[in-house]
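Each chain, written out:
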Amino acid sequence: MVCGIIGITSSEDVLDKPLGVSLKEALKKLEYRGYDSVGFALIDKAGRLVVRKSKGMIDAVAAKVGFELFDGYTGIGHTRWATHGPPSDVNSHPHTDCSGKIAVAHNGIIENYMELKEALIDEGHTFISETDTEVIPHLIEEFEKKGFKPYEAFKKAVELLRGAYAIVAIDVNDPRKVFFARNTSPLVLGFGVKANFVASDAVAFLNFTRRVLALRDGEVGYITPEEVVVERLEFREGRPVWVAVDFTSRVKNIDWTVEMASKGGFKHFMLKEIHEQPYALASTIASAAESVDKLAKILTRVDRVLLAGAGTSYHAAYVAALLLRKYAGLWALPVVSSEAQWWLSTVKEGDVVLGISQSGETIDTLKAVREAKKRGALTVAVSNVIDSAIPRESDIAIYTKAGPEIGVAATKTFTTQVTLLGYLSLRTGVLNGFLSESEASEAFKSLRELPNLVRHAINTYEAKMASLAVEMKDRPNAYFLGRGLGLPLSMEGALKLKEIAYIHAEAYPAGESKHGPIALVEEGFPTIFTIVTADEGELIKSNVEEMRARGSLTIAVFPKNLEDIARLVKTPIKMPVVKDVAASALYIVPHQLLAYYTSVKKGLDPDKPRNLAKTVTVF
Ligand code: F6R
């Protein structure tokens, strides 16, 4: 899972506040990633290493340790999501060496830590935590003892590590540098004025700079206030040598603003992000016109398309596969990324595999893309984060323009994924002649209207969903049923309710419900139907009847002209009648609001659901 990492190095007092406070503020921005402990280390103005850390949430830990009491020019901070060793003060990061001069924070898993730890214990090192991370400061210390300078010792230590990691380290023997290393876990550099940054997500330092470099696997280096050094290990004549990386052309200005990454008056990021959907969709549609054409042309010549994604991104893949079939006549199949290897076994040159991932870092999806590439397929990333791992490793990348999504539950990234991929389906259908001009122009028009329709749906349904949430909040279970496009939307609705309101919610093809699931339905059991098209509505009527007959609390999200459905269900959520390509994004809005308000009414924090993290970089 992910933890949050920040490293700051500054000269003079450019931060305008004690370094401890800047570290705390950066960690607050990373809170969304999910964590159970917090800590920081800095080199104070007298050149001493100060480490403060504890189990708990940032504000509580700050009250206990007093971030504002500590100042200096070089520091690192960390939010930990426990993997090795339970959440505790001692297992919190940063970890230090025996001499208390080196501090390290780490995200990921060091697979060979046991053997390294045993070897270090034999050398006389003492360990106090149960973490894998603690081997790193001791390794650096060991290499320094052998005469290596701090940065060289850091690199020597990294050479010995196996696994997934993003690491930052500081060392009083070289007090202006923050060392870093990336392998699989995300890490980005920020280029400021008399200050440089390293973090697991650029949102941590957006109030200082928007000039960003996404590090690549295998890159190691350091920042000082004036200098950024990036190196990678290469093998020359069989010997490993560290060589400098010229990264100048990779430095990007990101257009995310501080405002976009803060709550802006909303109680939770999730609610803010639901409300941001009109802008996110408008930006995505505006950029789609330029970005998808090359890909649409390619799709006119391919045999098969596989779309891999995890969680919400899988649901977007499912919607997109149906749209690619319907509007472009393509053979398209959605697959869950962690299951992709069994579907990819027959993929070959001439096929296209899309890796859909808002973060661009989900390891299961990255693995699917790598596998597809190995088999000769053309790989396409669909992401919200420029230059993240999946776009970097794919042949082509297209981007949603949702802005930073901080709430753990995906909302605006889902609707923008569906819309971007819907747009791609239409363009492909136009180019390969599958779609008539009149149908295409009606469908594109519906996409252009989508931002306003979403705005209107939020205004219309927010209060209604908040009151429906009162009915939902004490129910232990719910079914989400749909057919066709209504099925992936049902899956997404169920996932939202499950992950933030902790209600056991299951999605089924409505037609399947009578083949087993209906056994659970009794008086008051909620069944929530999602119907996108009139065809789906026609077929689903009998399923609604079946549930009604058993006393189910029936709710339906459907086009308002389906009068039979309106008559049949207890709670009708009547949506605008709009082309399915736009409805696939629009009709999820009531589900997002229902999940959000149910979570809030249960007294939960929808931004930080238990056991979940925003970016999942472990298998
Ligand atoms: C659900 C959710 C997760 C993610 C999944 C994939 O609300 O956020 O299910 O959708 O972890 O993440 P990405 O899209 O970053 O690959």
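Residues numbered from 1 in each chain as written. Predicted model: local features only at pLDDT ≥ 70, side-chain atom pairs only at ≥ 80, totals over all residues. Heavy atoms only, no water.

- The name an unreviewed UniProt entry gives the protein is Glutamine--fructose-6-phosphate aminotransferase [isomerizing], with Zestosphaera tikiterensis as the organism.
- Turning to the protein, the UniProt record has this under Function (unreviewed entry): "Catalyzes the first step in hexosamine metabolism, converting fructose-6P into glucosamine-6P using glutamine as a nitrogen source."
- UniProt, in its Subunit (unreviewed entry) section for the protein, records the words "Homodimer." (UniProt positions renumbered as here; feature names shortened; annotations may be inferred.)

1. A word on the overall build of the protein
Step number 1: Scanning the protein from terminus to terminus reveals 19 helices and 25 strands.
Step number 2: Taken over C-alpha atoms, the radius of gyration comes to 26 Å for the protein, in line with the 25 Å a tight globule of 619 residues would show.
Step number 3: Taking the principal axes of its C-alpha atoms as reference, the protein extends roughly 80 × 50 × 45 Å.
Step number 4: Here the protein holds 619 residues, and 63% of them are scored as buried.
Step number 5: Summarising the internal contacts of the protein: among those between residues at least 6 apart in sequence, 71% fall at separations of at least 24. (Helix = DSSP H or I, 4+ residues; strand = E, 2+ residues; numbered from the N terminus. Rg over C-alpha atoms; globule rule 2.2 N^0.38 Å. Buried < 20%, exposed > 50% of the residue type's maximum accessible area, 1.4 Å probe, protein only. Contact = heavy atoms within 4.5 Å.)

2. Notes on the domain arrangement of the protein
Step number 1: Here the domain parsing of the protein yields domain 1 (4–261), domain 2 (266–448) and domain 3 (461–619).
Step number 2: Each of domain 1 and domain 3 was reduced to a C-alpha centroid, and the two centroids are 43 Å apart. (Domains from an automatic or database assignment.)

3. Details of the pairing of strand S4 (residues 72–80)
For a regular strand, side-chain orientation follows a simple rule: the groups alternate between the two sheet faces.
Step number 1: For S4, a buried count of 8 out of 9 residues is recorded, marking the element as mostly surrounded by other parts of the structure.
Step number 2: Of the strand pairs in this sheet, strand S1 (residues 4–10) and S4 are connected by 6 bridges, and their pairing is antiparallel. Residue Ile 8 lies in a different strand from S4, and its bridge partner there is Gly 75.
Step number 3: Direction of pairing for strand S2 (residues 37–44) relative to S4: antiparallel, over a ladder of 8 bridges. (Pairing = 2+ DSSP bridges.)

4. Quick word on the pattern of salt bridges
Step number 1: Tallied over the entire structure, the rule returns 40 salt bridges.
Step number 2: For Asp 293, the salt bridge identified is with Arg 427, shortest N-O distance 2.8 Å. Of this pair, Asp 293 sits in helix H8 (residues 293–299) while Arg 427 sits in helix H13 (residues 412–431), and the two are 134 residues apart along the sequence. In this pair, the class of Asp 293 matches that of Arg 427, namely buried.
Step number 3: A salt bridge links Lys 579 to Glu 439; its shortest N-O distance comes to 3.3 Å. Residue Lys 579 is located in the loop between strand S25 (571–575) and helix H18 (580–586), and its partner Glu 439 is located in helix H14 (residues 437–472); the two are separated by 140 residues in the primary sequence. (Salt bridge = Lys/Arg side-chain N within 4 Å of Asp/Glu carboxyl O.)

5. Considerations on helix H1 (residues 19–30)
Step number 1: Over its 12 residues, H1 extends 17 Å from the first C-alpha to the last, a length consistent with the 16 Å expected when each residue adds 1.5 Å.
Step number 2: Listing the buried residues of H1 in full gives Leu 19, Gly 20, Val 21, Ser 22, Leu 23, Ala 26, Leu 27 and Leu 30.
Step number 3: Looking at the packing, one finds that the buried side of H1 touches S1, S2, helix H2 (58–65) and S4. (Expected span 1.5 Å × (residues − 1).)

6. A look at the side chain of Thr 9
Step number 1: Residue placement: Thr 9 occurs in strand S1.
Step number 2: In this structure Thr 9 comes out as buried when scored by relative accessible area, which is 0%.
Step number 3: In this structure the side chain of Thr 9 is engaged in a polar contact, spanning 3.1 Å, whose partner is the backbone oxygen of Arg 176.
Step number 4: Contacts of Thr 9, omitting those with residues within four sequence positions, involve Tyr 73, Thr 74, Arg 176, Val 178, Lys 194, Ala 195, Asn 196, Ile 223, Thr 224 and Pro 225. (Polar contact = N/O pair within 3.5 Å; in protein donor to acceptor, adjacent residues only side chain to side chain.)

7. A look at the packing of aromatic side chains
Step number 1: In this structure the tally under the stated criterion is 14 aromatic pairs.
Step number 2: Plain terms: the ring middles of Phe 40 and Phe 70 are 5.9 Å apart, the flat faces sit at 55° to each other, and that makes the pair tilted. Note that Phe 40 is positioned in strand S2 and Phe 70 in the loop between H2 and S4, a separation of 30 residues in sequence.
Step number 3: Judged by its relative accessible area of 0%, Phe 40 falls in the buried class.
Step number 4: On the basis of relative accessible area, Phe 70 is assigned to the buried category, the value being 15%.
Step number 5: When the centroid spacing of 5.3 Å and the interplanar angle of 25° are considered together, the rings of Phe 154 and Phe 179 count as stacked. In this pair, Phe 154 sits in helix H5 (residues 150–160) while Phe 179 sits in strand S8 (residues 178–183), placing the two residues 25 residues apart along the sequence. Just as Phe 154 is buried, Phe 179 falls in that class too. (Phe/Tyr/Trp six-rings, centres within 6.5 Å; stacked < 30°, edge-to-face > 60°.)

8. A few points about the nonpolar core
Step number 1: Membership of the largest hydrophobic core comes to 86 residues, with the highest contact counts inside it found for Leu 299, Val 305, Leu 307, Leu 354, Leu 497, Leu 586 and Tyr 587.
Step number 2: For this core, the leading source of residues is H14, giving 15 residues.
Step number 3: No fewer than three residues from each of domain 2 (266–448) and domain 3 (461–619) sit in this core.
Step number 4: Beyond its immediate stretch of four places on either side in the chain, Tyr 587 contacts Leu 489, Ile 531, Val 532, Val 557, Phe 558, Pro 559, Met 575, Pro 576, Val 577 and Val 578. (Core = buried A, V, L, I, M, F, W, Y, C linked by side-chain atoms within 4.5 Å.)

9. So, the UniProt feature "active site" (unreviewed entry) in the protein
Step number 1: According to UniProt, the feature "active site" (unreviewed entry) maps to Cys 3 and Lys 614 in the numbering used here. Annotated residues spanning 612 residues; largest pairwise C-alpha distance 9.6 Å, indicating a single compact cluster.
Step number 2: Within the element layout of this structure, Cys 3 appears in the segment before S1.
Step number 3: Relative to the helices and strands, Lys 614 resides in the segment after helix H19 (589–601).
Step number 4: Residue Lys 614 is classed as buried on the basis of its relative accessible area, which comes to 10%.

10. Describing the sheet that holds strand S5 (residues 95–96)
Step number 1: What the 7 strands build is an open sheet, ordered S5-S6-S7-S8-S12-S13-S14; its pairing is antiparallel. What marks the edges here is a single partner per strand, and that holds for S5 and strand S14 (239–244).
Step number 2: Bridging between strand S7 (residues 163–171) and S8 involves 5 bridges; their strand directions are antiparallel. Of the residues in S8, the one forming a bridge with Ala 166 is Arg 182.
Step number 3: Across the sheet, helix H4 (residues 135–145) touches S5, strand S6 (102–110) and S7, and the angle it forms with S6 is around 125°.
Step number 4: Here H5 sits on the sheet in contact with S7, S8, strand S12 (219–223), strand S13 (228–236) and S14, set at roughly 155° to S12. (Axes fitted to C-alpha atoms, helices over the stretch in contact; angles between N-to-C directions.)

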